[in-house]
Amino acid sequence: MRGEEFQRLRTEVLQSVAGEVLEIGIGTGLNLRHYGPNVSRVRAVDPNPMLPARVAERRGGVSFPVEISHHSAERLPYDDRTFDCVVSTWTLCTISKPLRALTEVRRVLRPEGRFLFLEHGRSDDQKIARWQDRLNPVQNIIGCGCNLNRRIDDLIAQAGLTITQLDRFAMQGVPRIGGEMYRGTATSLP
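Residues numbered from 1 in each chain as written. Predicted model: local features only at pLDDT ≥ 70, side-chain atom pairs only at ≥ 80, totals over all residues. Heavy atoms only, no water.

(A) Broad picture of the nonpolar core. By size, the foremost hydrophobic cluster in this structure holds 24 residues, and its most contacted members are Leu22, Ile24, Val86 and Phe115. Broken down by element, this core gets its largest block of residues, four residues, from helix α3 (residues 98–108). Once you skip the residues sitting within four places of it in the chain, Leu22 turns out to touch Arg43, Ala44, Val45, Leu76, Tyr78, Phe83, Cys85, Val86, Val87 and Val108. One finds Leu14, Val39, Val62 and Phe64 within the second-largest nonpolar core, a separate group that totals 23 residues. (Core = buried A, V, L, I, M, F, W, Y, C linked by side-chain atoms within 4.5 Å. Buried < 20%, exposed > 50% of the residue type's maximum accessible area, 1.4 Å probe, protein only. Helix = DSSP H or I, 4+ residues; strand = E, 2+ residues; numbered from the N terminus. Contact = heavy atoms within 4.5 Å.)

(B) Region of interest: a nonpolar patch on the surface. There is a patch of nonpolar side chains on the surface, built from Val138, Ile141 and Ile142 and spanning about 350 Å² of accessible area. Here Ile141 lies in helix α4 (residues 126–142). The class of Ile141 is exposed, set by a relative accessible area of 71%. (Patch = residues over 30% accessible without salt bridge, like charges linked within 9 Å, V, L, I, M, F, W, Y side chains within 5 Å. Areas by Shrake-Rupley, 256 points an atom, 1.4 Å probe, with all protein chains shown as cover. Salt bridge = Lys/Arg side-chain N within 4 Å of Asp/Glu carboxyl O.)

(C) The arrangement of the state of the cysteines in detail. Counting across every chain of the model gives zero disulfides. Cysteine Cys93 is unpaired, with the sulfur of Cys146 as its nearest cysteine sulfur at 3.6 Å. (Disulfide = S-S within 2.5 Å.)

(D) Highlighting the sheet that holds strand β2 (residues 39–45). Taking strand neighbours across the sheet as the criterion, the seven strands line up as β3-β2-β1-β4-β5-β7-β6 in an open arrangement whose pairing is mixed. Of all the strands in the sheet, the pair left with one neighbour each is β3 (66–69) and β6 (162–170). The mean angle between the axes of side-by-side strands here comes to 15°, regardless of whether they run parallel or antiparallel. In the sheet, strand β1 (residues 19–24) pairs with β2 via six bridges, with the strands oriented parallel. The residue of β2 that forms the bridge with Ile24 is Val45. (Pairing = 2+ DSSP bridges. Axes fitted to C-alpha atoms, helices over the stretch in contact; angles between N-to-C directions.)

(E) Representation of the pairing of strand β4 (residues 83–89). Of all seven residues in β4, six are buried, a share of seventy percent or more. Here β1 runs beside β4; their pairing, made up of four bridges, is parallel. The residue bridging Leu22 from the neighbouring strand is Val86, located in β4. Where β4 lies against strand β5 (residues 109–120), six bridges are found, and the strand directions are parallel. Residue pairing for β5: Val87 is matched across the bridge by Leu116. Remark: the β4/α3/β5 crossover connection has right-handed handedness. (Right-handed = clockwise from strand over helix to strand, strands pointing away.)

(F) Expanded view of the side chain of Ser188. Following the sequence through the fold, Ser188 ends up in the segment after β7 (180–187). Beyond its immediate chain neighbours, meaning those up to four positions away, Ser188 contacts Arg106, Leu109, Arg110, Pro111, Gly160 and Leu161.

Below, the structure is given as structure tokens:
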């Protein structure tokens with residue numbers, strides 16, 4: 001997840017983020033250095049504390065405060081309409097109840113706020129999608145709960161968010177089974 005293409009994609013998505021930000025699934029903090037200059041604070045949730053020394057180092061390398069809470073995205077510990085932006089990168093594949101998490105995203109997002117996502121998921125190519133379905137049980141085990149075959153755009157829409165921009169592409173340097181990407185923006189407004 002630290003490779004050059006992963007970093008390039010993070011920068012593309014995160015440079016426009018501004019204001020009060022919630023990041024779901026912060027992991028080891030790989031996104032932090034890619035946020036643009038208009039971020040005032042990042043609050044983040046992740047149920048698993050991962051490599052605390054690495055996270056602390058990455059937190060120390062940014063100019064805005066970063067607060068991390070060890071909660072799941074399915075039950076966010078924040079008031080309604082708190083955030084200007086909510087960010088999810090390579091996270092929705094591992095959340096056990098992604099629809100519940102996205103409903104929570106909608107709840108904590110301000111009406112004029114944006115949900116920015118960069119996720120891998122189900123291919124539109126039926127041949128690739130069949131392989132994703134076949135390999136998904138194995139990927140769940142070896143990939144710490146990662147699902148190859150989730151339709152990210154459908155999940156976002158089912159949660160009541162409105163997708164305002166969506167790019168579908170195959171990530172360079174990653175096999176298509178795991179590199180079918182969904183990148184975009186959604187709002188809580190109809």
